[in-house]
2 protein chains.
Amino acid sequence: MLKINVYAVGTIKEKFYRDAINEYLKRLSRFAKVEIIETPESKIQNGSIEAILNEEANHILKKIKPGEYVILVDLHGKEYSSEDFSEYIKRHLDSGTSPISFIIGGTLGLGNELRNIAKDKICLSKMTFTHQMTRVILLEQIYRGFKIINNESYHH
Amino acid sequence: MLKINVYAVGTIKEKFYRDAINEYLKRLSRFAKVEIIETPESKIQNGSIEAILNEEANHILKKIKPGEYVILVDLHGKEYSSEDFSEYIKRHLDSGTSPISFIIGGTLGLGNELRNIAKDKICLSKMTFTHQMTRVILLEQIYRGFKIINNESYHH
């Protein structure tokens, strides 16, 4: 079973987003072993954005193990249709690449250190979403991807 | 105050999506008069997709009044960054166009009758989202748009 890590900066305060995330994790459990790894937001109060992003990136970098296939969720990444994204997941399934590890930045975005280690960058929308919403959308699209791969109908 | 209608096919079953929608409606209430108008899903069981979309479109068309500026939320529409989308809303604010009326299709999409009356088509993502999620994202982006217009910080 494909192992998928989702590294995400910060916690989810809104109950409705936590519930949505848990719902998709539950639905995904028959397709993949998905784990969300939350890392701390920077506590720097008056530092530069760069310093904050650097600290948040380091928290993630410490957790990533050699062999993980790192994919940034990035406004400047490549846009996929849901069908193409399912193909993208299928390529990893077929090649036996595991784990694949998505990284979702915090409220300020992603540090450059993360850009350097990422194999791919994917963009969910040209619009900026909240990091909470990004987590929900990513999980839903992975779930949708597996439904497409398995030729299951999905009208929701 | 700008009046914004959101026509949407079908109801939202998941409590977490309803809660998310209500949260953004609450936040939006100081910027605009936003109303969600839910129209029924087609009850056709064995008809063509075209017949279903046609019926769902007619439910919406019956509700729309002359003078509404109709905007389709459509996978094949124009993609905006959040900044450009806030500019788009601002143009309506400045010109006094009101109401502006977004239409979100149901699980099968949008009928052609709606394409014919729409002034604009906007695309939230190249990915296909659930119609529930589309409703949340649209409201969040309208809210984000007003925050940008009003130069208010927004880190969520």
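Starting from 1, residues in each chain are numbered consecutively following that chain's sequence as written. As they are written, the chains are lettered A onward and the ligands numbered 1 onward, keeping that order. Given that this is a predicted model, residues contribute local features only at a pLDDT of at least 70 and side-chain atom pairs are listed and counted only at 80 or more, while totals for whole chains, interfaces and linings are drawn from all residues. Here the side-chain values reflect all heavy atoms present in the structure, with hydrogen atoms and water set aside.

(A) How the structure looks around the state of the cysteines. Any two cysteine sulfur atoms within 2.5 Å of one another count as a disulfide. This structure, assessed with the given rule, holds zero disulfides over all chains. Looking at the unpaired C123(A), the closest cysteine sulfur is the one in C123(B), lying at 11 Å. Whether a residue is buried, partly exposed or exposed follows from its accessible area with a 1.4 Å probe, protein chains only, as a fraction of its type maximum: under 20%, in between, or over 50%, in that order. Taking the relative accessible area as the measure of exposure, C123(B) reaches 3% and is therefore buried.

(B) Quick peek at the interface of chain B and chain A. Contact definition: two residues touch when any of their heavy atoms are within 4.5 Å. If you look at the interface, chain B gives 33 residues, while chain A gives 33 residues. Contact between chain B and chain A buries roughly 2,700 Å² in total, counting both sides, with carbon and sulfur atoms accounting for 63%. For this analysis, a salt bridge means a side-chain nitrogen from Lys or Arg found within 4 Å of a carboxyl oxygen belonging to Asp or Glu. The tally of links between chain B and chain A comes to two salt bridges. Where R27(B) meets E14(A), a salt bridge forms, and the shortest distance between an N and an O atom there is 3.9 Å. Strands here are runs of E lasting at least two residues and helices are runs of H or I lasting at least four, both read from the DSSP assignment and numbered beginning at the N terminus. Mapped by element, the contributors of at least two residues to the side of chain B that touches chain A are α1 (15-28), α3 (82-95) and α5 (131-149) of chain B. It is α5(B) that contributes the most residues to the side of chain B that touches chain A, eight residues altogether. All residues other than Ala, Val, Leu, Ile, Met, Phe, Trp, Tyr, Cys, Pro, Asp, Glu, Lys and Arg, Gly among them, are scored as polar; the first ten of these are nonpolar and the last four charged. In terms of residue class, the side of chain B that touches chain A is built from 14 nonpolar, eleven polar and eight charged. A simple way to read buried area is as the amount of 1.4 Å-probe accessible surface that goes missing from two parts once joined, with both sides added.

(C) Quick look at the sheet that holds strand β2 (residues 32-39) of chain A. Residue and element names in this part refer to chain A. Read across the open sheet, the five strands follow the order β2-β1-β4-β3-β5; overall the sheet is parallel. Two strands close off the open sheet at either side, each with one partner strand: β2 and β5 (120-123). Sheet twist, expressed as the mean angle between neighbouring strand axes with direction ignored, is 30°. In this analysis, strands are considered paired if DSSP registers two or more bridges between them. Both strand β3 (residues 69-79) and β5 contribute to a ladder of five bridges, which runs parallel. Bridged to K78 within β5 is I122. Running over the sheet, helix α5 (residues 131-149) touches β1 (2-9), β2, β3, β4 (100-104) and β5 and is turned about 170° from β1. For helices, the axis comes from a line fit to the C-alpha atoms of the stretch in contact; other axes are also lines fit to C-alpha atoms, and the angle between any two N-to-C directions lies between 0 and 180 degrees.

(D) Molecular detail of the relation of the copies chain B and chain A. Here chain B sits on chain A after a turn of 180° about the axis and a move of 0.0 Å along it, with an RMSD of 0.0 Å. The transformation just described matches what one would write down for a two-fold rotation axis. Most of the interface of chain B is mirrored in chain A, where 100% of its interface residues again form contacts. Residues reaching a pLDDT of at least 70 in both copies supply the C-alpha atoms on which the copies are superposed by least squares.

(E) Region of interest: empty space enclosed by the protein. Space inside and on the surface of the protein is sampled on a 1 Å grid over the protein atoms alone, with a cavity defined as a set of points where a 1.4 Å probe fits but cannot get out and a pocket as an open set with protein on both sides within 12 Å along at least 5 of 7 lines; lining residues have an atom within 4 Å of a point. Grid points are joined across faces, edges and corners, and a volume is the space filled by probe spheres set on the points. Taken as a whole and assessed by the stated rule, the structure comprises two cavities of 30 Å³ or more. For the largest cavity, the calculated volume is near 70 Å³. Along its surface, the largest cavity is lined by F16(A), Y17(A), A20(A), M133(A), V136(A), F16(B), Y17(B), A20(B), M133(B), V136(B) and I137(B). Secondary-structure elements contributing two or more residues to the lining of the largest cavity are α1 (15-28) and α5 of chain A together with α1 and α5 of chain B. Considered class by class, the residues forming the lining of the largest cavity number eleven nonpolar, no polar and no charged.

(F) Region of interest: the packing of α1(A) against α5(A). Residue and element names in this part refer to chain A. Taken N-terminus to C-terminus, the directions of α1 and α5 make an angle of 20°; their axes are 9 Å apart at the nearest point. For the element pair α1 / α5, the angle class is roughly parallel. Note that α1 runs across α5; the crossing there is left-handed. Residues Y17, A20, I21, Y24, L25, R27 and L28 of α1 form the contact with α5, whose participating residues are Q132, M133, R135, V136, L139, E140, I142, Y143 and F146. Our angle categories are set so that under 35 degrees counts as roughly parallel, over 145 as roughly antiparallel, 65 to 115 as roughly perpendicular, and the remainder as oblique. Take the far helix as the reference: if the near one is turned anticlockwise from it by less than a right angle, the crossing is left-handed, and if turned clockwise, right-handed.

(G) Representation of the pairing of β4(A) within the structure. All names here are of chain A. The element β4 is largely enclosed, with a buried count of five among its five residues. Because side chains alternate across β4, one face comprises the buried residues I100, F102 and I104, and the other comprises S101 and I103, equally buried. Relative to β4, β1 runs parallel, the two being bridged by five bridges. Paired with V6 across the two strands is F102, which belongs to β4. Both β3 and β4 contribute to a ladder of five bridges, which runs parallel. In the sheet register, V73 faces β4, and the bridge partner there is I104. Orient the strands so they point away from the viewer, and a crossover whose first-strand-to-second-strand path over the helix runs clockwise is right-handed. The parallel pair β3 and β4 is bridged by helix α3 (residues 82-95), and the resulting crossover is right-handed.

(H) Just the pairing of strand β1 (residues 2-9) of chain B, in detail. All names here are of chain B. Of all eight residues making up β1, eight are buried, and the element is well covered by its neighbours. Where β1 lies against strand β2 (residues 32-39), eight bridges are found, and the strand directions are parallel. Looking at the pairing, V9 lines up with T39 of β2. The parallel pair β1 and β2, bridged by α1, forms a crossover whose chirality is right-handed.

All quantities given are derived from atomic positions and should not be read as evidence of function.
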